[in-house]
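An overview of the molecular structure
Here's the letter readout for the chains.
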Amino acid sequence: MQNIRIVLCRPSHPGNIGAAARAMKAMGLSDLRLVAPEKFPAPEARWMATNAVDVLDQAKVNATLAEAISDCVHAFALSARTREWSTPVIDVRAAAAAAAAAGGPVAFVFGNEQAGLTNEEMLACQTLVHIPANPEFSSLNLAQAVQVVAYEIFMTSKPETGKFRTEKPATIQDREGLYEHLERAAIESKFFDPASGSRLPTRLRRLFSRVPDLEREEVNILRGLLKALQQPKSK
Ligand code: SAH
């Protein structure tokens, strides 16, 4: 997701910066901004980033939040505490969906480990975002909050899911062939009488329509089975 920027405001622990970089890279994000980090660059950040040091090396450091988000079309402020806030508060899933639909760079802004975001930082953003959690203990570790956001963005866009599918999907023609075959087998076996007014063909169609990712091979298996059942039984 090229349009997503992760902004960490005044992070105190460099280890969290590294862990955030790793969380981002695992979810396909790379645009990291650090606003006035207490200690950066730092070896602890590199340790925690492991193989995501490229994200760290590309991270830009800004003096103020305003500078870090000025070219964005929308900024989401992440907060564990939402009660005292009056502008719209949405959950992280809704925010990820909104970000995916945005027409330009979008920032997700995180606060300092101890103090969270200041009121001024929150006001610089348009929407407040909450990660639903235990009301008695709703504050996540900074890098873990970044992970949840990055994961939700990944799931919204699902950029690579199609890639993992190796089986050929069934075409409409494959489906129609299966329906026709099922009906024929049902008639031949006397399970179904077309004159009876039974809605069996429609019911079977509905059943398979609920499998939108039906595979061609699965259709072939079912048709092979029908064919075997249709063979006259050998004595
Ligand atoms: N003690 C701080 C929490 C800081 S945690 C406070 O009470 O605000 C560091 C940052 O992680 C937060 O500023 C916020 O950006 C993010 N974060 C942690 N838990 C979160 C949650 N449940 N929802 C949204 N953001 C969260």
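Structure first, text after, so check above.
The text that follows walks through the structure, step by step, so that each part is easy to find. (Residues numbered from 1 in each chain as written. Predicted model: local features only at pLDDT ≥ 70, side-chain atom pairs only at ≥ 80, totals over all residues. Heavy atoms only, no water.)

Let's shift gears to the pattern of salt bridges. Using the criterion set out here, one finds 10 salt bridges in the structure. Between R5 and D71 there is a salt bridge, and its shortest N-O distance comes to 2.8 Å. Of this pair, R5 sits in strand β1 (residues 4-9) while D71 sits in the loop between α4 (65-69) and β4 (74-78), and the two are 66 residues apart along the sequence. One salt bridge in this structure joins E176 and R205, with 2.7 Å as the shortest N-O distance. Of the two residues, E176 is situated in helix α8 (residues 172-188) and R205 in helix α9 (residues 200-209); the sequence distance between them amounts to 29 residues. When its relative accessible area of 34% is taken as the criterion, E176 is described as partly exposed. Taking the relative accessible area as the measure of exposure, R205 reaches 36% and is therefore partly exposed. Overlapping salt bridges, with partners in common, bring together R5, D31 and D71 in one network. (Salt bridge = Lys/Arg side-chain N within 4 Å of Asp/Glu carboxyl O. Helix = DSSP H or I, 4+ residues; strand = E, 2+ residues; numbered from the N terminus. Buried < 20%, exposed > 50% of the residue type's maximum accessible area, 1.4 Å probe, protein only.)

Below, the discussion takes up the pairing of β4. Across the 5 residues that make up β4, a large majority, 4, are buried. Here β4 pairs with strand β6 (residues 106-110) via 4 bridges, running parallel. Bridged to A77 within β6 is V109. The sheet contact formed by β4 and strand β7 (residues 127-130) spans 3 bridges and is parallel. Across the sheet, residue L78 finds its bridge partner in β7, namely V129. (Pairing = 2+ DSSP bridges.)

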